[in-house]
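# Structural description and commentary
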Amino acid sequence: MKTTQRCSFSSVKLYHDEVMQTEFFSQYPSKVTKVEFVRSSLAAIPPILFQTFLKLETVDAHNSHVERVYSNTFEDAKALKALSLRGNQITELLADAFYGANRLEWLDLSDNLIATVHSTAFRHLSNLKTLRLNDNHISHLHSTLFDELSEMERLELQENDLTTIGDLVFSGCPSLMFLNVSHNALKTFHLNKLDRRYNFDLIDVSHNHLEFVNIPGCLRQLYASKNDIHTVESSGTQSALVRLKLSRNKISSIADIPTFAKLTYLDMSYNRLNDFECSSMTRFPKLALLQLHGNQFDASQNQLLRITVSDLFDASERCVTADKIAEGSNHYCVRNRRDS
């Protein structure tokens, strides 16, 4: 069984003029596979780290005051698989920033000050599976930025300053399964450009400024709460969608939601619905839970919902929690008894 030889460095201080010439690490065993820095201050990751520890697979330098990633830092990081630079002070990612770390699978650059990312910053990282860029100041993604990340499965870009995402940005990421771009300032993002032959598990675009979404047929879950959405479309005739969150948008009718034969959860709370037609629910034959609270149904609609939903769904299969509807709470849900 493989054993991990770990080395923990505490209170290390390296300034920029020391990063390239330090020999501090040469006195330690060369078979170390994991290095972490604790309560340290590193202007940058010293290249000698990988020249000394040739089998180094994991480097954890989070909260270490790192300011720069030099283009030659990882030239000898031939064994590196996981790198955490979370919570540092990095402001930009240069061309070929991780050149040499060809086996890298997990990269965490979250919670930095990154505003600029060069179009080739992630070149040669063909084995990367997880990339965390959340909580930065990124406002633009070059169309070829992720072109060589063919194995990437998870990408986190939430809490940045993005206003648009180009149609070709993710064209080189056929393995992508999870994408989080929530809490940006997105006005344009054509989700249908992500359509493909196999399923895409989750896209989170909540807390943006999108006015419409075109849901790709391959997508299983879409979180799109807190936008300005008034139009929902679907690309493809057979949708894989099972979960759809559309709360706090500007949708005026459930009838405007496309048919989703596999949908089990639909959140339409806090929209602009003032009319409810139970016949529209037949387009969601597997729906287990419908959230409608926070809309503007009048008293007659409340009573209509209370009567017709129970007629629409077989009582042996569904139950309707309508006890508060008559009191004017506007909190409606249809729940599948089997899922309760």
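Just above sits the structure.
Anyway, here's the lowdown on the structure attached to this text. Along every chain, residues carry numbers that run from 1 in the direction the sequence is written. Local features in a predicted model are, by the rule used here, given only for residues with pLDDT of at least 70; side-chain atom pairs are given and counted only at 80 or more, and totals for whole chains, interfaces and linings are based on all residues. To get the side-chain values, take all heavy atoms of the structure and skip hydrogens and water.

This part takes up unusual backbone geometry. Despite not being glycine, Asp96 has its phi angle at roughly 55 degrees, a positive value. For helices the rule is a DSSP run of H or I covering at least 4 residues; for strands it is a run of E covering at least 2, with both sets numbered from the N terminus onward. The residue Asp96 is located in the loop between strand E7 (92-93) and strand E8 (106-108) in this model. Here Asp96 falls in the buried class, since its relative accessible area comes to 18%. Positive phi is not limited to glycine here, since His124 has a value of about 80 degrees. Here His124 shows up in the loop between strand E9 (116-117) and strand E10 (130-132). Summary of the burial criterion: residues with accessible area below 20% of their type's maximum are buried, those above 50% are exposed, and those between are partly exposed, where the area comes from a 1.4 Å probe applied to protein chains only. Overall, His124 belongs to the partly exposed group, its relative accessible area being 30%.

Of note, Phe260 is situated in the loop between strand E19 (243-245) and strand E20 (265-267). According to the relative accessible area criterion, Phe260 is buried, its value standing at 0%. In the structure, Phe260 is positioned 27 residues away from Leu287 in sequence and 9.2 Å away in space, judged by C-alpha atoms. Any two residues whose heavy atoms approach within 4.5 Å at even a single point are treated as in contact. Residues contacting Phe260, with those up to four places away along its chain left out, are Ile215, Ser234, Ser239, Leu241, Leu244, Arg283, Phe284 and Pro285.

The definitions used throughout rest on a 1 Å grid laid over the protein atoms alone, on which a cavity is an enclosed set of points accommodating a 1.4 Å probe that cannot get out and a pocket is an open set flanked by protein within 12 Å on both sides along at least five of seven lines; lining residues are those having an atom within 4 Å of a point. Grid points are joined across faces, edges and corners, and a volume is the space filled by probe spheres set on the points. Across all of its chains, the model carries three cavities of 30 Å³ or more by this definition. Its boundaries defined by the atoms lining it, the largest cavity holds a volume of some 50 Å³. Lining the largest cavity, in full, are Ile165, Gly166, Asp167, Val169, Phe170, Ser171, Phe189, His190, Lys193 and Leu194. All residues other than Ala, Val, Leu, Ile, Met, Phe, Trp, Tyr, Cys, Pro, Asp, Glu, Lys and Arg, Gly among them, are scored as polar; the first ten of these are nonpolar and the last four charged. Looking at the lining of the largest cavity, its residues break down into five nonpolar, three polar and two charged.

The subject of this paragraph is the pattern of salt bridges. We define a salt bridge as a contact between a side-chain nitrogen of Lys or Arg and a carboxyl oxygen of Asp or Glu at a distance within 4 Å. Across all of its chains, the model carries eight salt bridges by this definition. In this structure, the salt-bridge partner of Asp201 is Arg220, at a minimum N-O distance of 2.9 Å. Residue Asp201 is located in strand E15 (residues 200-204), and its partner Arg220 is located in strand E17 (residues 219-223); the two are separated by 19 residues in the primary sequence. Exposure remark for Asp201: the relative accessible area of 26% places this residue in the partly exposed category. Classification of Arg220 as partly exposed rests on a relative accessible area of 29%.

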